[in-house]
Amino acid sequence: MTDKYLIEPDVNFVREIVGLGGDTLKKCFQCATCSVVCPISPDTKPFPRKEMIAASWGLKDRLVGNLDIWLCHHCGDCTTNCPRGAKPGEVLGAVRSYAIATYAVPKTLGKWVNSPKFLPILLLIPTAIFIVLGLITGLLDFTPGGEEIAQTKFFSTWLVDMIFIPLAVWVVAIFAMGLKNFINDIHENALLEGKTDKKELDFVGLIKALIRVIPTILKHDKFSECTENKDRATAHLLVFYSFIGLFIVTNIFFIHLYILQWHGPYSQLHPAKWLANISGVALIIGGALMIWNRLSKTDQTTAYKDWYLLGLVLGLGLTGMLTEITRMAGLAGITYWTYFIHLVFVFNLFAFLPFSKLAHLVYRTVAMAYNEYSGRQ
Amino acid sequence: MDKKYGVYICTGCGIGDALEMEELCEVPEEEGLPVKTHPFLCGKEGVELIKKDIADDGVNTLIIAACSRRVNYDVFKFDGCIVDRVNLREQVVWSHPRSEFPALTEEQKDDEEHFDRLQMLAEDYLKMGMAKVEKIDLPEPYKLETLSKKILVIGGGITGISAALDAAKAGYEVTVVEKESSLGGYATKIRKQLPNEDPYENLVPPVIEAKIKELEAYDNIIVKTDKIVARLAGEPGDFTVTLKKPGEKIEYDVPYPLPEEMKFDESGKELDVEEQHKRYLEYNEGKLDILQFDPDGEKFGAVVLAAGWRPYEPEGDEFAHLGFGELPDVVTNHQFEEMAAKGNITRPSDGKEAKSVVFVQSPGKGDDDADFDYCGSVTSLVSLKQAKYVREDYDDGKAYIFYQHMRTPGLLENFYKSLQQDEGIFLTKGEVVSVSKNGDGMIVEADNTLLGEKVKVQADMVVLATGMVPVTVDDPVINMAYRQGPAFRDIGLFDGYCDSNYICFPYETQRTGIYAAGAIRRSMTMEESIEDATGAALKAIQCIESVNRGVSVHPRSGDMTFPDFFFQRCTQCKRCTDECPFGALDDDEKGTPKPNPARCRRCGTCMGACPERIVGFADFNIDSVGSQVKAVGVPSEDDYDEPPFRIVGFVCENDAYPALDIAGLNRLSYSADVRFIPIRCLGSMNVIWIKDALAKGMDGAFLLGCKHGDDYQCHFIKGSELSDIRMQKIGDALSSLALEEERVAQFQVAIDEYDKLPKMINDFVELVEELGPNPFKGF
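Residues numbered from 1 in each chain as written. Chains lettered and ligands numbered in written order. Predicted model: local features only at pLDDT ≥ 70, side-chain atom pairs only at ≥ 80, totals over all residues.

Student: Help me understand the overall build of chain A, please; the structure alone is not making it clear to me.
Tutor: The secondary structure content of chain A amounts to 18 helices and zero strands. Against the 2.2 N^0.38 benchmark of 21 Å for 377 residues, chain A shows a C-alpha radius of gyration of 22 Å, consistent with a compact globule. Principal-axis analysis of the C-alpha atoms places the extent of chain A at approximately 70 × 45 × 35 Å. In chain A, 74% of the contacts between residues at least 6 apart in sequence involve partners at least 24 apart. (Helix = DSSP H or I, 4+ residues; strand = E, 2+ residues; numbered from the N terminus. Rg over C-alpha atoms; globule rule 2.2 N^0.38 Å. Contact = placed C-beta atoms within 7 Å.)

Student: It is not clear to me how the overall build of chain B should be interpreted in this structure. Could you clarify?
Tutor: A tally of helices and strands in chain B yields 19 helices and 30 strands. Dimensions along the principal axes, computed over C-alpha positions, put chain B at roughly 100 × 65 × 65 Å.

Student: What is the right way to look at the sheet that holds strand 30 (residues 744-748) of chain B in this model?
Tutor: Where strands meet in a sheet, backbone hydrogen bonds hold them as pairs that are either parallel or antiparallel. All names here are of chain B. Overall, parallel pairing links the four strands, which are arranged 28-27-29-30 in an open sheet. Only two strands of the sheet have a single partner each, and these edge strands are strand 28 (674-679) and strand 30. Each strand axis lies, on average, 20° off the axis of its neighbour in the sheet, ignoring direction. The pairing of strand 27 (residues 647-652) with strand 29 (residues 700-705) spans five bridges and is parallel. Note on strand 29: the bridge partner recorded for Val-648 is Ala-701. Sitting on the sheet, helix 16 (residues 656-665) touches strand 27, strand 28 and strand 29, and the angle it makes with strand 27 is about 115°. (Pairing = 2+ DSSP bridges. Axes fitted to C-alpha atoms, helices over the stretch in contact; angles between N-to-C directions.)

Student: I'm lost on the interface of chain B and chain A in this one. Help?
Tutor: Interface size is commonly expressed as the accessible surface area that is lost when the partners come together. Contacts between the two partners involve 13 residues from chain B, matched on the other side by 15 residues from chain A. Secondary-structure elements contributing two or more residues to the side of chain B that touches chain A are strand 16 (425-429) and strand 19 (452-459) of chain B. Looking at which element gives the most residues to the side of chain B that touches chain A, the answer is strand 19 of chain B, with four residues. Looking at the side of chain B that touches chain A residue by residue, the class counts come to five nonpolar, four polar and four charged. (Nonpolar A, V, L, I, M, F, W, Y, C, P; charged D, E, K, R; others polar.)

Student: I would appreciate a short explanation of the domain arrangement of chain A in the present structure.
Tutor: All names here are of chain A. Under the domain assignment, chain A is made up of domain 1 (11-103) and domain 2 (107-374). When each unit is reduced to the centre of its C-alpha atoms, the spacing between domain 1 and domain 2 is 26 Å. The partner domain 2 presents 37 residues to the 25 residues of domain 1 that form the contact. Counting residues per element, the ones that place at least two in the side of domain 1 that touches domain 2 are helix 1 (11-22), helix 5 (68-71), helix 6 (77-81) and helix 7 (88-103). No other element matches the seven residues that helix 7 contributes to the side of domain 1 that touches domain 2. Taken together, the residues that form the side of domain 1 that touches domain 2 break down as eleven nonpolar, nine polar and five charged. (Domains from an automatic or database assignment.)

Student: Even after reading the chapter, I still don't get the domain arrangement of chain B, so can you show me in this structure?
Tutor: According to the domain assignment, chain B consists of domain 1 (1-138), domain 2 (151-254 + 293-310 + 471-549), domain 3 (256-289), domain 4 (329-466), domain 5 (564-616) and domain 6 (620-779). For domain 1 of chain B versus domain 4 of chain B, the distance between C-alpha centres works out to 68 Å.

Student: Can you walk me through unusual backbone geometry in this structure?
Tutor: Leaving glycine aside, a negative phi is the common case for residues, and trans is the common case for peptide bonds. Omega for the peptide link from B:Asp198 to B:Pro199 comes to 5°, which places this bond in the cis form. Within the element layout of this structure, B:Pro199 appears in the loop between strand 6 (174-177) and helix 7 (208-216). Even without being glycine, A:Ala32 reaches a positive phi, approximately 75°. Here A:Ala32 shows up in the loop between helix 1 and helix 2 (33-37). Even without a glycine there, the phi angle at B:Asn448 is positive, about 50°. The residue B:Asn448 is located in strand 18 (residues 441-449) in this model. Taking the C-beta count within 10 Å as the criterion, B:Asn448 has 17 such neighbours and is therefore assigned partly exposed. (Buried ≥ 20, exposed ≤ 12 C-beta atoms within 10 Å, placed from the backbone.)

Student: What's the story with the nonpolar core in this structure? I'm lost.
Tutor: Within soluble globular proteins, side chains that are nonpolar generally end up buried alongside one another. All names here are of chain B. Val-303, Val-304, Leu-305 and Ala-540 are the most contacted members of the largest nonpolar core, which totals 212 residues. Element by element, the count of residues in this core is highest for helix 12 (residues 526-549), at ten residues. Sequence-distant contacts of Ala-540, that is, excluding residues within four places in its chain, are made with Ile-151, Ala-167, Ala-302, Val-303, Val-304 and Tyr-515. Counting residues in hydrophobic clusters, the runner-up holds 86 residues, among them Ile-50, Phe-650, Ala-701 and Met-727. (Core = buried A, V, L, I, M, F, W, Y, C linked by C-beta atoms within 7 Å.)

Student: So what exactly am I meant to see when it comes to the pairing of strand 7 (residues 221-224) of chain B here?
Tutor: Consecutive side chains of a regular strand alternate in pointing toward one face of the sheet and then the other. Residue and element names in this part refer to chain B. Residues Ile-221 and Val-223 line the buried face of strand 7, whereas the alternating positions Ile-222 and Lys-224 sit on a face that is not buried. Of the strand pairs in this sheet, strand 6 and strand 7 are connected by four bridges, and their pairing is parallel. The residue bridging Thr-175 from the neighbouring strand is Ile-222, located in strand 7. One crossover worth recording links strand 6 to the parallel strand 7 by way of helix 7, and it is right-handed. (Right-handed = clockwise from strand over helix to strand, strands pointing away.)

Student: Explain the confidence of the model for chain B here, please?
Tutor: Residues shown with low pLDDT carry predicted positions that ought not to be read at fine detail. Counting all residues, the mean pLDDT for chain B is 94, and 100% of those residues have values of 70 or more. Interface scoring of the predicted complex returns ipTM 0.82; its pTM is 0.87. (pLDDT = per-residue confidence, 0-100.)

Student: It is not clear to me how the sheet that holds strand 4 (residues 82-87) of chain B should be interpreted in this structure. Could you clarify?
Tutor: Residue and element names in this part refer to chain B. Read from one edge of the open sheet, four strands run 2-1-3-4, paired in parallel fashion. Either end of the sheet is taken by a strand with one partner, and the two such strands are strand 2 (35-38) and strand 4. Taken over all neighbouring pairs, the strand axes of this sheet differ in orientation by 20° on average, direction set aside. Sitting on the sheet, helix 2 (residues 21-30) touches strand 1 (5-10) and strand 2, and the angle it makes with strand 2 is about 150°. Running over the sheet, helix 5 (residues 117-135) touches strand 3 (61-66) and strand 4 and is turned about 165° from strand 4.

Student: What is the right way to read the environment of A:Val204 from this model?
Tutor: Summarising the element assignment, A:Val204 is placed in helix 12 (residues 203-219). Considered as a pair, A:Val204 and A:Ile278 are 74 residues apart in the sequence and their alpha carbons are 37 Å apart.

Student: Sorry if this is basic, but what is going on with helix 9 (residues 119-137) of chain A here?
Tutor: Helical geometry note: an α-helix holds 3.6 residues per turn, so side chains three or four residues apart project in the same direction. Residues and elements named next belong to chain A. Across its 19 residues, helix 9 extends 28 Å between first and last C-alpha, which sits within 8% of the 27 Å expected from 1.5 Å per residue. Those residues of helix 9 that are buried lie in contact with helix 8 (107-113), helix 11 (157-192) and helix 17 (332-351). Where helix 9 ends, the next residue or the one after it, Gly-138, has phi of about 75°, a positive value. (Expected span 1.5 Å × (residues − 1).)

Student: I keep staring at the packing of helix 14 (residues 230-258) of chain A against helix 15 (residues 271-296) of chain A and nothing clicks. Help me out?
Tutor: Packed helix pairs are specified by the crossing angle of their axes together with the interaxial distance, meaning the distance between the axes. Residues and elements named next belong to chain A. At a closest axis distance of 7 Å, the pairing of helix 14 and helix 15 adopts a crossing angle of 150°. The angle between helix 14 and helix 15 places the two elements in the roughly antiparallel class. In the packing of helix 14 onto helix 15, the handedness of the crossing is left-handed. Grouping the amino acids of the contact of helix 14 with helix 15 by side-chain chemistry returns 18 nonpolar, seven polar and two charged. (Parallel < 35°, antiparallel > 145°, perpendicular 65-115°, else oblique. Left-handed = near helix turned anticlockwise from the far one by under 90°.)

Student: Would you mind showing me how to read the pairing of strand 15 (residues 398-403) of chain B here?
Tutor: Residues and elements named next belong to chain B. Buried residues dominate strand 15, accounting for six of its six residues. Side chains of strand 15 alternate between two faces, with Lys-398, Tyr-400 and Phe-402 and Ala-399, Ile-401 and Tyr-403 buried alike. Pairing analysis gives five bridges linking strand 14 (residues 356-360) to strand 15, with the strands arranged parallel. What sits directly across from Val-358, in strand 15, is Tyr-400. Taking the sense of rotation as the criterion, the β-α-β connection linking strand 14, helix 10 (residues 377-393) and strand 15 turns out right-handed. Where strand 15 lies against strand 16, five bridges are found, and the strand directions are parallel. Directly across from Ala-399, in strand 16, lies its bridge partner Ile-425. As for the winding sense of the linkage, the β-α-β connection from strand 15 through helix 11 (residues 412-420) to strand 16 is right-handed.

Student: Explain the environment of B:Ala631 to me, please; I cannot follow it from the model alone.
Tutor: All names here are of chain B. Inspection of the secondary structure puts Ala-631 in helix 15 (residues 622-631). Residues Ala-631 and Lys-127, spaced 504 residues apart in sequence, show a C-alpha to C-alpha distance of 5.9 Å. If we skip the residues at most four places from it in the chain, Ala-631 touches Lys-127, Met-128 and Ala-131.

Student: Explanation requested: the packing of helix 5 of chain B against helix 15 of chain B in the structure shown.
Tutor: All names here are of chain B. Two elements in contact, helix 5 and helix 15, have axes whose closest approach is 8 Å; the angle formed by their N-to-C orientations is 155°. With respect to each other, helix 5 and helix 15 are oriented roughly antiparallel. Once helix 5 is placed against helix 15, the crossing between them reads as right-handed. Residues Lys-127, Met-128, Ala-131, Lys-132, Glu-134 and Lys-135 of helix 5 form the contact with helix 15, whose own contacting residues are Asp-623, Ser-624, Ser-627, Gln-628 and Ala-631.

Student: Help me understand the environment of A:Val249 in this model?
Tutor: All names here are of chain A. Here Val-249 lies in helix 14. The spatial distance from the C-alpha of Val-249 to the C-alpha of Tyr-266 is 12 Å, given a sequence separation of 17 residues. Setting aside chain neighbours within four positions, we find Val-249 in contact with Ala-272, Leu-275, Ala-276 and Ser-279.

Encoded structure:
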């Protein structure tokens, strides 16, 4: 029976959302203060009021494929102003993790990312791959010699690329699969809930819309509209640009290596090196700020999924910079092992990207693009 | 009593600054009355001055011209003395500043052109006070020959038991009458009760058993089961009650008044008194008249009516759209409670477990979003409670509540919050539009929900949150042997609940000495009923003790006066018996009223109704008010070139008079040509006073009283409405005198609308001025 009005509450879904940090969701009594105070909610079918009742009724279908959960930037204005302490911001965050896990296969991996129990496994996977592959190929040398310290002597660049290039392909593939379902779902949901009048999904239009929202994303325009968590926008901006910076640096050095055949370490005077160092520092500051914000906001819930990602971000920055500093200080042993840990972090961030909270960079971007495309007011 | 007068004028609070005191003192002096002024009359020295005069000179009739009678009433109270307060402060100097009502200069005095409106106002009020005290007497209390202090509690449910316990604890003898064969009522038929203690989150087992046990321990409580009241005759302090078995027919069954249509013959002519009485006797054959007291009847002082409620029974296909009557798994909350009390909840149709239950709070299918009839917060709470039953019975049970209103007053909000937390309970506002069969179960469809414009859910059972009908809808229960009838009068406002004003006067019914408690008053929970019972028990005690002292109970608590009838002139028109809002009068077969002063609330509606003007109180009567009207000075062209207008305002002393005082307190000013006379209620307004006023040459008259209608504020239920009807009739009389109908008006004002009074008064004065002076002026 397919009656679009027929609803069947799914109690297990409610329990899962509660477990993902949405433990307050049942407190909502539907006053809609949240939708009114939300600075970024659209006028047509505003969120998060309707998401709150859908969550407390366990209506999974109305939430997982709902683009509004991604339009939310988790400013926290709603949470602060909620008269019932229902914390809509946190509930939507929990729903987003649930949605991320839904769209990413294999599902087991999603479960591991969201549970502290499996953290050792997540760390062991890259460690094992590095060691096994390194020993088989001989590209991992535990006793690198020579005067000059170079990371590639210990953990060969070839080994890095041998692992990370296929990994990148894998990540893209998983995202592609998830996105296909995601776009279809959010379109269907938007049609059902009257958020758009565009019956057919036009991909060219969607891509044009994507181009239109890129400046908004780059400038963090939406995020800056939040009043409650203004500091969070700054921290996010730092991390966001440091990742972009580091992405550019990686590509530059990739070209250096494979096209220009220049091997590192590169001179500190190299402009790309400047960018790399600035980005690295920004990453550490941004990551530390984020953690600081989380710790100082006692009225907001921080779930394990948040700590996992924050830990990775800060760990990534710290180990990266430490590797560089110890290398220049001539501490061969320390720099090599820091580098190893750094790569474990990179692997975690990268490989589990479609499963972790960081996947928002894809889903939120697409959701924002779709919202732009939908013509919703 | 030989009256020895004394006039005392206070010059404090701005009175002395605004008024010419010497001229004011001349007013009583001209009449030969001693007058004294004092700058601080309510102070120790001022009061001593008065007390000294009382002690030394035997002064016993005092006119105190100072502040309003609504303040310092305890200061200016002198035992054995008649006291009248002339309101020079709030209604003269504070509401008429000299800046707007200037005093006369030396040249202007006696020039026949100028006059001092404010001085005139003060002098008139003083004259009116002097005229009034001449016509009133000290009241003497009405004492019953025999007084019973026993309290009758009708209804042995949770309310009745609680009321009996409270009254017994206060030391009173109580008799509980229950129509069933055992005590407890509905409270014994439920699975669980709403939370009654901190944290107000959990259902509790019924408390009724413990209450019954507690009751048994009191030897000043007598319980009579299998009994109902056949008749209750007499008056508070001296009720004679005849009990009988339910269904029994006895000669002391209460007679009913003759229905309206039987008072007329075939041609539509009203029958005369004898013929009507004959018919009345035929109509009530086998029943003794109300004035025939049962010699074997039991005596009681006051009654707590706690007869409770019955579940609403849907009529025919009233809720056909909700499947009620057609689908066996659609039940009322009452039926659901019965099932829940027996065990796990199962479907009536096939006995299968009911794991998905939809609770419907409003019938929908109408223009409004009203809940079921006779609902209230209790139906919201019962739905929450019953939703909890579903969850108690089944781990995977689901309970849906579709409501238009979710009312969880007080700490029961905690209960609502805790249920919200239950993952198997789903709440939404919405209008349920249909319940239909769907395979094995049902589909409930609702519009305009919080989840979207339309939703459907699957249900094993549907529960309608129907209401609690007070038993007084079906039957008088109280069976008063009163001429107005055995039941509370249906004034079209209370849907059969016995009450007289929910907000201002809880527990008060329209009959003195009978106090309603529990679900007979409004739908309420058991927890509320227990609390309500305390209130009603206290009212019953207050009543007995007031009657014992010969004073009024409510709302004129402590008033010792009561209506006195000069029967020689009675024409047996029955108007007083009919119009008394409290059924205090029982006329005999000739139609002569028999007053029952202890039933009376002293509003004076009888006094306003009487065309022969034979009803009066010791301190408030036709003559005392008429003399005040006549005491007002009405200047004519003989006095001034352009004499000021004179308008009299009869003011309800419950709300309108205080509102005028508050206007004064806020220094709001209005015309100084109006003279106010406080009266007990607009219902006590006798039209003769208006005729007196106009005959004397006054230019207009108006009444200022409470709002009437659905949200009436009259302390005596119908006073302002009755006077409105009477005023419509005065129009004809006025036109026969060639006076414009517009010269007489009635205004409604609430106590907090003091700020509207100046405009109300000034607009009327302006209107009268436009009509021109009364042509009878100066005759």
